[in-house]
Amino acid sequence: MATVSSSQPSSWPNPNPNPDSDSSFPSNLDRGDDTESLESFSSMSLNSDEPNRNPDRIPDSNRDVNIQTPISPSTPNSPVTPLPSLLYLSFNQDHACFAVGTDRGFRILNCDPFREIFRRDFDRGGGVAVVEMLFRCNILALVGGGPDPQYPPNKVMIWDDHQSRCIGELSFRSDVRSVRLRRDRIIVVLEQKIFVYNFADLKLMHQIETIANPKGLCAVSQGAGSMVLVCPGLQKGQVRIEHYASKRTKFIMAHDSRIACFALTQDGHLLATASSKGTLVRVFNTVDGTLRQEVRRGADRAEIYSLAFSSNAQWLAVSSDKGTVHVFGLKVNSGSQVKETPRIASESTRAPSSPSSSLSLFKGVLPKYFSSEWSVAQFRLVEGTQYIVAFGHEKNTVVILGMDGSFYRCQFDPINGGEMSQLEYHNCLKPPSVF
């Protein structure tokens, strides 16, 4: 059961002020005017479904935010402030920016060129465990977390950065695991349930039951058309696909082990999945559930941290606890695809033959492992650190974010493959004066 409330019932942002817009940064961003660095929402009426609003729904810390934007270097006598602890990292929907949640507040940074757009640090408490952007607009979804959370972990706070305060909230009976935003929907993920709300009036549109989902796994399409939502099903290894235009639900038994990670293309047509075993990544058609391609990360077990498609679905990037980011070539757009099968075999015994493998002729003799499709390019990182990955806006580039604050931008050779070349490195936790 969720309750909805607003600190300003007479005003609510329009989540889609310009449906035909390409969501590009406004020109004032290049001038460094960080108070107007994001797209602006217009206002509309909020109709709350919760008449009895909790009087303490908006913590007093709304009035205790320190608005910090890039500053000039400190003087030699300035006290050294310890770096904050990082609680959360995520890219925005087009991977042009990323959000950082810390034990003091949150920050928004640009990927290319790398620079901090703004940060919001709170005087009391400050821990933010989820920061979900909506492209580049001024509305964000926040969830408190860490040892001293800024907000209760069972609430989604709607933050308007033009006002530097929360303008509404969604409250639940259990902790929020993750949040996903579209221009027309807010998706809130709990341990075993997902709520889908209309963005315009926060009306509850759909509820979904899932298997235990402590990671808050959920993916949603961002194309202009109708929404496709993917979440864990009710069985181990199963994914559930909701097609809201056709009002159809598709279930896929993607793996034998539990689902560890998945990703959607922007249009929602393709889904990449990985299990807790972490050896294979599978790509499915979301409409009919057929297996389109299967690639191998490695032979030993690994925890997959993130999967990401390139904008044209030509490449797939994978990061894991083994400290290597892999880039795979996808054939789903070229007509060369894995033969569709009614049943997916065990990860430990089955791997598809690859036309590009030099050992594919021996697939009937050698173990299936030797005819697997392997990554085209790799980038080595510190093993054990959690990294998430996305494709950059420049051709054949990859952006990697680490929970140690690291930011890498790398380039891969699509023809020869091999080790990626590092283009730049930064630490996003450092003061903005060093960027």
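Look up: the structure comes first, before these words.
Criteria and cut-off values
- Residues numbered from 1 in each chain as written.
- Predicted model: local features only at pLDDT ≥ 70, side-chain atom pairs only at ≥ 80, totals over all residues.
- Heavy atoms only, no water.
- Phe/Tyr/Trp six-rings, centres within 6.5 Å; stacked < 30°, edge-to-face > 60°.
- Helix = DSSP H or I, 4+ residues; strand = E, 2+ residues; numbered from the N terminus.
- Buried < 20%, exposed > 50% of the residue type's maximum accessible area, 1.4 Å probe, protein only.
- Pairing = 2+ DSSP bridges.
- Salt bridge = Lys/Arg side-chain N within 4 Å of Asp/Glu carboxyl O.
- Core = buried A, V, L, I, M, F, W, Y, C linked by side-chain atoms within 4.5 Å.
- Axes fitted to C-alpha atoms, helices over the stretch in contact; angles between N-to-C directions.
- Disulfide = S-S within 2.5 Å.
- Polar contact = N/O pair within 3.5 Å; in protein donor to acceptor, adjacent residues only side chain to side chain.
- Contact = heavy atoms within 4.5 Å.

### Brief notes about the packing of aromatic side chains
And step 1. Throughout the structure, instances matching the rule amount to 16 aromatic pairs.
And step 2. Considering the side-chain rings of Phe98 and Phe407, the 5.9 Å spacing of their centres and the 20° angle between planes classify their relative orientation as stacked. Separated by 309 residues along the polypeptide, Phe98 in strand 6 (residues 97-102) and Phe407 in strand 31 (residues 406-411) bring together distant segments of the chain. Of the two residues, Phe98 and Phe407, neither departs from the other in class, the shared state being buried.
And step 3. Aromatic pair Phe195 and Tyr197: ring centres 6.3 Å apart, planes at 25°, arrangement stacked. Pair check on accessibility: Phe195 and Tyr197 agree, each one buried.
And step 4. By way of ring pairs, the aromatic residues Phe106, Phe118, Phe122, Tyr151 and Trp159 are connected into one cluster.

### Concerning the environment of Arg296
And step 1. Inspection of the secondary structure puts Arg296 in strand 24 (residues 291-296).
And step 2. Expressed as a C-alpha distance, the spacing of Arg296 and Thr279, which sit 17 residues apart in the sequence, is 5.8 Å.

### Side note on the sheet that holds strand 20 (residues 248-253)
To summarise the sheet geometry, strands pair through backbone hydrogen bonds and adopt either a parallel or an antiparallel arrangement.
And step 1. What the four strands build is an open sheet, ordered 17-18-19-20; its pairing is antiparallel. Edge positions in the sheet fall to strand 17 (219-220) and strand 20, since each of these pairs with one other strand and no more.

### Points about the pattern of salt bridges
And step 1. One pass over the full model with this rule turns up 16 salt bridges.
And step 2. Put simply, Asp161 and Arg120 hold a salt bridge, and the shortest N to O gap is 2.7 Å. Of this pair, Asp161 sits in the loop between strand 11 (155-160) and strand 12 (165-172) while Arg120 is found in strand 8 (residues 115-122), placing the two residues 41 residues apart along the sequence. We note that Asp161, like Arg120, is buried.

### What about the pairing of strand 8?
And step 1. Within strand 8, seven of the eight residues are buried, which leaves the element mostly enclosed by the surrounding structure.
And step 2. As paired elements, strand 7 (residues 105-110) and strand 8 share six bridges and run antiparallel to each other. Along strand 8, the bridge assignment pairs Leu109 with Glu116.
And step 3. Count of turn residues in the strand 7/strand 8 antiparallel hairpin: four residues.

### Concerning the nonpolar core
And step 1. Residues Val131, Leu142, Val156, Phe172, Val179, Ile186 and Val188 are the most contacted members of the largest nonpolar core, which totals 40 residues.
And step 2. Per-element tally for this core: the top contributor is strand 10 (residues 139-144), with five residues.
And step 3. Counting residues in hydrophobic clusters, the runner-up holds 17 residues, among them Leu270, Ala313, Val318 and Val332.

### Section: the sheet that holds strand 22 (residues 270-275)
And step 1. Spatial strand order, 21-22-23-24: four strands in an open sheet with antiparallel pairing. Looking along the sheet, the strands with just one partner apiece sit at the ends: strand 21 (259-264) and strand 24. With direction set aside, neighbouring strand axes in the sheet form an average angle of 20°.
And step 2. As paired elements, strand 22 and strand 23 (residues 280-285) share five bridges and run antiparallel to each other.

### Thoughts on the state of the cysteines
And step 1. Inspection of every chain in the model, using the stated rule, returns zero disulfides.
And step 2. Among the cysteines around Cys97, which has no disulfide bond, Cys111 carries the closest sulfur, lying 6.5 Å off.

### Regarding the side chain of Ser375
And step 1. As for its position among the elements, Ser375 is in the loop between strand 27 (324-329) and strand 28 (377-380).
And step 2. The exposure class of Ser375 is buried, given its relative accessible area of 16%.
And step 3. Within the structure, the side chain of Ser375 is placed 3.0 Å from the side chain of Gln378, a separation counted as a polar contact.
And step 4. Apart from residues lying up to four places away in sequence, Ser375 is in contact with Arg296, His326, Val327 and Phe328.

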